[in-house]
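Structure at a glance
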Amino acid sequence: MAAAGIRYFDRFGVTEELIARTIAEALSRGGDFADVFFQHAVTNDLALEDGSVNRAFTTVQLGVGVRVVKGDQTGYGYSEDLSLPALLSCARTAATIADGPSREAPSRYHVQSGLPQRYPVRLRWEEIGAERKLPLLGGLNERLLSADRRMRKVSVHFRDEAGAVLIADSQGRIVEDEQPMTLLYVSCLAEDGSRRESGGYNVAGRAGFEFYTPDRLDRVVREAVKRTAILFEAVPAPAGEMPVVLAAGSSGILLHEAIGHGMEADFNRKGVSIYADKIGKPIAAPFVNIVDDGTNEGARGAINVDDEGNAAGCTRLVEGGVLATYMHDAISAKHYGVAPTGNGRRESYQHAPLPRMRATYMLPGPHKKDEIIASVKRGIYCENFTNGQVNIGAGDFTFYVKNGWLIEDGKLSRPVKDVNIIGNGPRALEKVDMVSDDLAIDEGGWTCGKDGQSVPVSQGLPTVRVSSMTVGGRGQP
């Protein structure tokens, strides 16, 4: 059997014959479905602190995972050895989930072509040495320190990754996808008298070195300084129930964590999500539309195919305020009798795929940002979030707002800090009563954690008003 069609993984000795024999072994005990997932990734990390390199290392991942599905049960084995004996051993481990006569494996495999090109790269990371990255990091360090007399300390962290995945399954499909990634994070510490404040900014995307344009680097410096310096002017936020306006962009973290997870099909299949019986029912105002989208070119959450080899398009989760569908992997799609939505994702070859988000955001609505702020007599405008806690199934959440503003008489009056907003995601969605037309997809390096697996994601939001939410502040109500 020829190896024609396998391009990237040909260098590691991966052939159609190797795949065919592995799949056949995986189905030897009667599994319904089997797939193999090869992964290679070379990740370089560089970090500067006080102007000097304090970390520099390279991580190489190379391995394969074999999955067998029987009903809604999954057997899994993985190895860093890509030899045939190692793959057959993984296949036999995964196959133990079933106990019956063998199932016939495909006689031929087809390498899929014509995948979308959602992360075109001009300057490949394999060709960019440290001598081209260090001046970029050093320049950011100097610019941040000189941008404000109060700056005392700057840290810069840079990461690039090049690699690919190959998915082959018992339907005879073989898919390869090269997946670049980069991330830049800067943090600042400033002092003014006895006061200290810290802030930062980060950008990420599936791109090559060309990602770091002068405009993007200018924005990194500008936003990091602005978000740090304004904290010296911030006052404690009021406490109590009040209208909350979520700024466009990174406020999408609330949509992702407190609402999006509840729309992942596995939580609904297991009955732990509040949305388990809500398909076809209204869950928000008619002008609320929410999507999970793998198609945004260059976005951190973009994928050409998911980690099961399925096409990754744009899934309309909420249409006109009505819950339209969940995010599915192959197991949940079969359970619900629908097509997979391209949301089967995994952290690495060591993990089986799960329904996961890609880029989750609310579509633009009928209102204007100024109109929304002007509608609030007294409330909070939340700009940036740093962390939070969420009960994924129920959607109960607490988020910490790093930068925000007090809204008084329809105007942003004073910056606030040390703000927690507390609530329940599905109920907060029901209370969304205004949505602006200024959707922004945040460009930061968001990573989603679920069941011990981390995957890169993107998120976004237009300016949104929630009519009432609990604000945990230290100021007067």
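Residues numbered from 1 in each chain as written. Predicted model: local features only at pLDDT ≥ 70, side-chain atom pairs only at ≥ 80, totals over all residues. Heavy atoms only, no water.

The protein chain is annotated in an unreviewed UniProt entry as Peptidase U62 from Anaeromyxobacter paludicola.

**Brief notes about the overall build of the protein chain**
The helix and strand tally for the protein chain stands at 9 helices and 26 strands. Over its C-alpha atoms the protein chain spans a radius of gyration of 24 Å, differing by no more than 12% from the 23 Å that the globule rule assigns to 477 residues. Dimensions of the protein chain along its principal axes, counting C-alpha atoms only, are 70 × 55 × 35 Å. Looking at the protein chain as a whole, 56% of its 477 residues are labelled buried. A fraction of 74% describes how many contacts in the protein chain between residues 6 or more apart in sequence connect residues 24 or more apart. Carbon together with sulfur atoms contributes 48% to the accessible area of the protein chain, which is approximately 19200 Å² in total. Between the averaged position of the 54 positive side-chain charges in the protein chain and that of its 61 negative side-chain charges there is a distance of 3 Å. (Helix = DSSP H or I, 4+ residues; strand = E, 2+ residues; numbered from the N terminus. Rg over C-alpha atoms; globule rule 2.2 N^0.38 Å. Buried < 20%, exposed > 50% of the residue type's maximum accessible area, 1.4 Å probe, protein only. Contact = heavy atoms within 4.5 Å. Areas by Shrake-Rupley, 256 points an atom, 1.4 Å probe, with all protein chains shown as cover. Lys, Arg positive; Asp, Glu negative; His and termini not counted. Charge placed at Lys NZ, Arg CZ, Asp CG, Glu CD.)

**As for helix α5 (residues 252-260)**
In terms of burial, α5 is a largely internal element, 9 of the 9 residues being buried. For α5, the complete set of buried residues consists of Gly-252, Ile-253, Leu-254, Leu-255, His-256, Glu-257, Ala-258, Ile-259 and Gly-260.

**Here we look at the sheet that holds strand β13 (residues 322-323)**
Strand order in the open sheet made by the 6 strands is β13-β12-β11-β16-β25-β22, with mixed pairing throughout. Two strands bound the open sheet, and with one partner strand each, they are β13 and β22 (440-441). Relative to strand β12 (residues 314-319), strand β11 (residues 290-293) runs antiparallel, the two being bridged by 4 bridges. In the strand pairing of β12, Asp-292 is matched with Thr-315. Seen against the sheet, α5 touches β11, β16 (359-362) and β25 (458-461) and runs at an angle of roughly 115 degrees to β25. (Pairing = 2+ DSSP bridges. Axes fitted to C-alpha atoms, helices over the stretch in contact; angles between N-to-C directions.)

**Thoughts on the environment of Lys-402**
Checked against the element boundaries, Lys-402 lands in strand β18 (residues 396-408). For the pair Lys-402 and Arg-356, spaced 46 residues apart in sequence, the C-alpha to C-alpha distance is 27 Å. Setting aside chain neighbours within four positions, we find Lys-402 in contact with Ser-198, Gly-199, Leu-231, Asn-384, Phe-385, Thr-386, Val-416 and Lys-417. At 3.0 Å, the side chain of Lys-402 and the backbone oxygen of Ser-198 are in polar contact. (Polar contact = N/O pair within 3.5 Å; in protein donor to acceptor, adjacent residues only side chain to side chain.)

**Looking at the UniProt feature "domain: Metalloprotease TldD/E central" (unreviewed entry) in the protein chain**
In the numbering adopted here, UniProt assigns the feature "domain: Metalloprotease TldD/E central" (unreviewed entry) to residues 126-230. When the span residues 126-230 is considered, its composition is 32% helix and 46% strand, and the gap between its end C-alpha atoms is 39 Å. (UniProt positions renumbered as here; feature names shortened; annotations may be inferred.)

**Notes on the environment of Met-242**
Within the secondary structure, Met-242 is located in strand β10 (residues 240-246). For the pair Met-242 and Asp-10, spaced 232 residues apart in the sequence, the C-alpha separation amounts to 59 Å. Those residues in contact with Met-242 that lie beyond four places of it in its chain are Arg-378, Gly-379, Ile-380, Ser-467, Ser-468, Met-469 and Val-471.

**Some thoughts on the packing of helix α1 (residues 16-26) against helix α2 (residues 84-95)**
Put simply, α1 and α2 touch, their axes get as near as 8 Å, and they point 25 degrees apart. Regarding the angle of α1 to α2, the classification is roughly parallel. Crossing handedness for the pair α1 and α2: right-handed. Where α1 approaches α2, its residues Leu-18, Arg-21, Thr-22, Glu-25 and Ala-26 are matched on the opposing element by Leu-84, Leu-87, Leu-88, Ala-91, Arg-92 and Ala-95. Of the residues belonging to the contact of α1 with α2, the class tally is 7 nonpolar, 1 polar and 3 charged. (Parallel < 35°, antiparallel > 145°, perpendicular 65-115°, else oblique. Left-handed = near helix turned anticlockwise from the far one by under 90°. Nonpolar A, V, L, I, M, F, W, Y, C, P; charged D, E, K, R; others polar.)

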